Amino acid sequence: MRQNKGAGYRIFQGFNILLMTAICLMVLFPIYYMVIVSISDGTAVMTGQVALTPVGFSLRSYRAAMKDSYFLNSYWNTIVITVSGTLVNLFMTTLFAYPLSRPDFMGRKFLMRCAVFTMFFTGGMIPTYMLVTDLGLGNTYWALILPGAISVYNMIIMRTFFEGIPADLTEAAYIDGANDVRILVSVILPLSKPILWTMVLFYAVGHWNGFFNALLYLSDKSQYPIQMFVRNVVLGGDTLSMAMTTYNSSTEVGAEMLSEEAAKYAIIIMSMLPILVVFPIVSRHFKSGVMIGAIKG
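Residues numbered from 1 in each chain as written. Predicted model: local features only at pLDDT ≥ 70, side-chain atom pairs only at ≥ 80, totals over all residues. Heavy atoms only, no water.

### Brief notes about the packing of helix α4 (residues 69-101) against helix α8 (residues 152-163)
One way to put it is that α4 packs onto α8 with a least axis distance of 8 Å and a crossing angle of 50°. When the axis of α4 is compared with that of α8, the two are oblique. When you trace α4 past α8, the crossing you get is right-handed. The residues of α8 that touch α4, namely those facing Leu 90, Thr 93, Thr 94, Phe 96, Ala 97, Tyr 98, Leu 100 and Ser 101, are Asn 154, Met 155, Met 158, Arg 159, Phe 162 and Glu 163. (Axes fitted to C-alpha atoms, helices over the stretch in contact; angles between N-to-C directions. Helix = DSSP H or I, 4+ residues; strand = E, 2+ residues; numbered from the N terminus. Parallel < 35°, antiparallel > 145°, perpendicular 65-115°, else oblique. Left-handed = near helix turned anticlockwise from the far one by under 90°. Contact = heavy atoms within 4.5 Å.)

Put into structure tokens, the structure is as follows:
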């Protein structure tokens, strides 16, 4: 039945649209500005001519970034950490969430309380650092993967999804002679693609954007992930000086020079690009997976 909307409702809707539009512009403008600076003429960037639209068109900042060996190495490190870390996270979270979703599993309430306890109380940064280093994980990728192998929040979401799968399916599998491992692999996981893709997105974004653990546990510059490289570039401690010097020294007199600001923005854009590409692909699974946890709690 169509409901009559009064003037107050229309004013409220109009205000919401304006507010959301303003918030979107505030969020998107910094990204837009970085893009136009990174593709603008280097001389125009250095003289402050770039404001709302790009001045000229140049991909020299991106080419300079691709010539920097530390940038390429950090990019590869992040890919390795993200892929291997996400696989470990998905494997461990599934093995923890599935037993807790089974009502016939003894001790499930106790284990659930222990898991939730860790969400509110931790040992702290220094004890964690001492534990990781004493285990011999310092200066290895495992220091970035194993301490956060299971996110309790993500585990609760996955457990809730598993609980929503009809128990008749597992009972029928038991009658057919399947054990718990076979039921998990052949029955539960094929029906859990939405939540699995959601976990992949959560964990992958966390690994890709993480830099604090790398700051704590990695001292070898050759092992830095991309976010550590971006951090050092933004803070000025590490720039594209080598690639910029090589490029600018080979540039003819009177030709365009490479802007350090444009090079920094190009690095930031390239570090964001994989997540911006992956998110639309898994977004349809992401919505249905997250809503399960929101509905059933």
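### Details of the packing of aromatic side chains
Enumeration according to the criterion identifies nine aromatic pairs in this entry. For the ring pair Tyr 98 and Phe 162, a centre distance of 6.2 Å and an interplane angle of 80° mean the geometry is edge-to-face. With a gap of 64 residues between them, Tyr 98 in helix α4 and Phe 162 in helix α8 connect regions that are remote in the sequence. Phe 162 shares its class with Tyr 98; the two are buried. Pairwise contacts between aromatic rings join Phe 29, Tyr 32, Tyr 33 and Tyr 265 into one cluster. Directly above the ring of Tyr 70 sits Lys 221, whose terminal nitrogen or CZ lies 4.2 Å from the centroid. (Phe/Tyr/Trp six-rings, centres within 6.5 Å; stacked < 30°, edge-to-face > 60°. Buried < 20%, exposed > 50% of the residue type's maximum accessible area, 1.4 Å probe, protein only. Lys NZ or Arg CZ within 6 Å of the ring centre and 35° of its normal.)

### Side note on the environment of Asn 213
Relative to the elements of secondary structure, Asn 213 occurs in helix α12 (residues 212-217). Judged by its relative accessible area of 34%, Asn 213 falls in the partly exposed class. As a C-alpha pair, Asn 213 and Leu 144 span 69 residues in sequence and 6.0 Å in three-dimensional space. Excluding its chain neighbours within four sequence positions, the residues that come into contact with Asn 213 are Leu 144 and Leu 218.

### Section: helix α10 (residues 180-188)
Counting along an α-helix, one turn takes 3.6 residues, and residues three or four places apart therefore face a common direction. Every buried residue of α10 is listed here: Ile 183, Leu 184, Val 187 and Ile 188. The arc that holds every buried residue of α10, seen down its axis, measures 110°, which confines them to one face. Counted as exposed and oriented over 90 degrees from the buried face of α10: Val 181 and Arg 182. The inward-facing, buried residues of α10 contact α4, α8 and α9 (167-175). Of the residues that open α10, the one with a side-chain oxygen 3.4 Å from the backbone nitrogen of Val 181 is Asn 179. (Arc of directions from axis to C-beta. Polar contact = N/O pair within 3.5 Å; in protein donor to acceptor, adjacent residues only side chain to side chain.)

### Digging into a nonpolar patch on the surface
Where nonpolar side chains cluster on the molecular surface, the patch consists of Phe 15, Leu 19, Met 20, Ile 23, Val 27, Leu 28, Ile 31 and Val 35 and spans about 680 Å² of accessible area. Its location among the elements puts Val 27 in helix α1 (residues 7-38). We classify Val 27 as exposed; its relative accessible area is 53%. (Patch = residues over 30% accessible without salt bridge, like charges linked within 9 Å, V, L, I, M, F, W, Y side chains within 5 Å. Areas by Shrake-Rupley, 256 points an atom, 1.4 Å probe, with all protein chains shown as cover. Salt bridge = Lys/Arg side-chain N within 4 Å of Asp/Glu carboxyl O.)

### Remarks on the packing of α9 against α10
Interhelical geometry of α9 versus α10 gives an angle of 130° and a closest axis separation of 10 Å. Judged by the angle between their axes, α9 and α10 are oblique. Here α9 and α10 pass one another in a crossing that is right-handed. Residues Leu 169, Thr 170, Ala 173 and Tyr 174 of α9 form the contact with α10, whose own contacting residues are Asp 180, Ile 183, Val 187 and Ile 188. A breakdown of the residues in the contact of α9 with α10 according to their chemical character gives six nonpolar, one polar and one charged. (Nonpolar A, V, L, I, M, F, W, Y, C, P; charged D, E, K, R; others polar.)

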